[in-house]
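# Fold and contact review
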Amino acid sequence: MKPIILVVGARPNFMKIAPLYDELNKRSKSLILLHTGQHYDEKMSKVFFEDLGMPKPDIYLGVGSGTHAVQTADVMVKFEQVCFDSNPELVLVVGDVNSTLACSLVSAKLCIPCVHLEAGLRSNDREMPEEINRLVTDVVSDLLLTPSADADVNLRGEGIPESKIKRVGNIMIDSLFNNLERAKKSNLLNELNIEKGTYALMTLHRPSNVDSQEPFLRIIEAIKLICETTYVIFPIHPRTKSNAKKFGLLQQLENIEKLVLLEPLGYLDFISLMSQSKFVLTDSGGLQEETTALGIPCLTLRENTERPITVVEGTNVVVGSDTKAIMHHVNSIHKEEFKSGKIPDLWDGKTAIRISDELENFVNKR
Ligand code: UD1
């Protein structure tokens, strides 16, 4: 049996592959779990394998950090050799990180069928590196597995044949629902001595927010105002920390009384904090979805989102980095005037089953 290569590279990929790995494994598929090494710190990578109960990767490319070209090219060169050696049945990539783009391009050029999971999402903002990754990955992939109807519409609009598009639902929500019970064992909130339902959880790492000083400062001003009354727990991404240091802002952050700065957290600690928070402030894609699935208010600190369903149906609002706009929504949460949402169709924890069925159909038809 020729193997299926499942590619992971960066933190947001791990929780998307874990439930799929399990389901395909149950169906006795031959699998190669390949980690490009785009994220390599223990706290950005290894802890997720442990928390999600994933086996160690079969292949680790060890590419590490670099400019977009260096990182993408390094994955491509190393991944091509893996494809020569293992002659896979298909390659499955997830999300929109540089590793996703690199491996899909290699597969396409070698005429190895490529499946993109979480296809069709568009922010329509080409200044976002992920948008380029999404567009290119979708155009070279052979099967496009989408999380929601808006993604199908985007793909059709780009001229992708209907036969390539299959809506399977949101795989991240499988991991979230599978692990919420286990996450209750996390003792972190107790250790921080903060009460359930009273605090905000924040993440921030987009280049548009943290690579230049102005938006970063506007967000820090909002944090200061929020922290006048409310704890904000902020596990800080390595990119954000190093830029805060560079701009001389780390000290300012450390001086905010109710701001709790933490190192990046593992999956279980993080979903435990998220599920017990009053609201979330973020520029992450995945968190917009997880908060919608949990019914927790989410303020997205970006100008746009590739996940509009979380705004239309869920609990998300896109607010940007303007201090006043952020505070307007924070106040409406405090006054209990914030909207409530519903869980979108097919975000039901059964996406891995539907994906595995689609993969079987796809292979059988070839
Ligand atoms: C990447 C993804 C982004 C995703 C994010 C989640 C791309 C283009 N971006 O952004 O879509 O939302 O992951 O975290 O693929 N670093 C470490 N340790 C690590 C990894 C990175 O310290 O394990 C530092 C390095 O200084 C590195 C910087 O973080 O230069 C940025 O890492 P990189 O992988 O380029 O992008 P992210 O900002 O993490």
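Relevant structure appears above.
Below or above, wherever it landed, is the structure these notes cover. (Residues numbered from 1 in each chain as written. Predicted model: local features only at pLDDT ≥ 70, side-chain atom pairs only at ≥ 80, totals over all residues. Heavy atoms only, no water.)

## Overview of helix 11 (residues 238-246)
Where helix 11 is concerned, the buried positions are Thr-240, Asn-243 and Ala-244. Angular distribution of buried residues about the axis of helix 11 spans 105°; they occupy a single face of the element. The exposed residues of helix 11 that point more than 90 degrees off its buried face are Lys-245 and Lys-246. Looking at the packing, one finds that the buried side of helix 11 touches helix 9 (207-210), helix 10 (213-226), strand 9 (232-235) and helix 12 (250-254). At the C-terminal side of helix 11, Gly-248 shows a positive phi close to 70°. (Buried < 20%, exposed > 50% of the residue type's maximum accessible area, 1.4 Å probe, protein only. Helix = DSSP H or I, 4+ residues; strand = E, 2+ residues; numbered from the N terminus. Arc of directions from axis to C-beta. Contact = heavy atoms within 4.5 Å.)

## Focus on the sheet that holds strand 5 (residues 114-117)
Taken together, the seven strands give an open sheet; going across it, the order is 3-2-1-4-5-6-7, and neighbouring strands pair in parallel fashion. Looking at strand neighbours, the two that pair on one side only are strand 3 (59-60) and strand 7 (165-167), the edges of this open sheet. Across two bridges, the pairing between strand 2 (residues 31-35) and strand 3 is parallel. Its bridge partner lying in strand 3, His-35 is registered against Tyr-60. Where helix 3 (residues 68-86) meets the sheet, its contacts fall on strand 1 (4-8), strand 2, strand 3 and strand 4 (90-94), and the angle it forms with strand 1 comes to roughly 160°. (Pairing = 2+ DSSP bridges. Axes fitted to C-alpha atoms, helices over the stretch in contact; angles between N-to-C directions.)

## Considerations on the nonpolar core
Formed by 56 residues in total, the largest nonpolar core has its most connected members in Leu-6, Ile-17, Leu-92, Leu-117 and Ile-233. Looking at which element gives the most residues to this core, the answer is helix 1 (residues 11-26), with seven residues. If near-sequence neighbours (up to four positions away) are discounted, Leu-6 is found in contact with Ile-17, Leu-20, Tyr-21, Leu-24, Leu-31, Ile-32, Leu-33, Leu-34 and Leu-92. Within the second largest apolar cluster, 32 residues are counted, among which are Ile-223, Phe-234, Leu-299 and Ile-326. (Core = buried A, V, L, I, M, F, W, Y, C linked by side-chain atoms within 4.5 Å.)

## Comments concerning the side chain of Ser-141
Within the fold, Ser-141 resides in the loop between helix 5 (129-140) and strand 6 (143-146). Among the polar contacts made by the side chain of Ser-141, one reaches the main-chain carbonyl oxygen of Thr-137 at a distance of 2.7 Å. The contact partners of Ser-141, leaving out residues within four places of it in the chain, are Ser-104, Cys-114, His-116 and Lys-164. (Polar contact = N/O pair within 3.5 Å; in protein donor to acceptor, adjacent residues only side chain to side chain.)

## Describing the packing of helix 7 (residues 171-183) against helix 13 (residues 267-275)
Contact pair helix 7 / helix 13: the axes reach a minimum separation of 9 Å and the direction vectors enclose 90°. When the interaxial angle is binned, helix 7 and helix 13 end up roughly perpendicular. Contacts from Met-172, Ser-175, Leu-176, Asn-179, Leu-180, Arg-182 and Ala-183 of helix 7 reach helix 13 at Tyr-267, Leu-268, Ile-271, Ser-272, Met-274 and Ser-275. Tallied by class, residues from the contact of helix 7 with helix 13 come to eight nonpolar, four polar and one charged. (Parallel < 35°, antiparallel > 145°, perpendicular 65-115°, else oblique. Nonpolar A, V, L, I, M, F, W, Y, C, P; charged D, E, K, R; others polar.)

## Points about the site of the ligand
Within the structure, the ligand sits among 18 residues, and Gln-38, His-39, Asn-98, Glu-130 and Arg-239 are positioned closest to it. Interatomic distance of 2.8 Å between a side-chain N/O atom of Gln-38 and an oxygen atom of the ligand. Glu-130 has a polar side-chain atom sitting 2.5 Å from an oxygen atom of the ligand. Considering the ligand on its own, with 740 Å² of exposed area, one finds that the protein chains cover 85% of that surface. By residue class, the composition of the shell around the ligand is five nonpolar, eight polar and five charged. (Near = heavy atom within 4 Å. Areas by Shrake-Rupley, 256 points an atom, 1.4 Å probe, with all protein chains shown as cover.)

## Comments concerning helix 6 (residues 149-157)
Residue pairs three or four apart in sequence face the same way in an α-helix, which turns once every 3.6 residues. When we look at burial in helix 6, the residues that qualify are Asp-150, Ala-151, Asp-152 and Leu-155. Check the buried side of helix 6 and you find it contacts helix 5, strand 6, strand 7 and helix 15 (309-312). Downstream of helix 6 by a residue or two, Gly-159 has a phi angle that is positive, lying close to 85°.

Treat this as a map of the structure, not an account of what it does.
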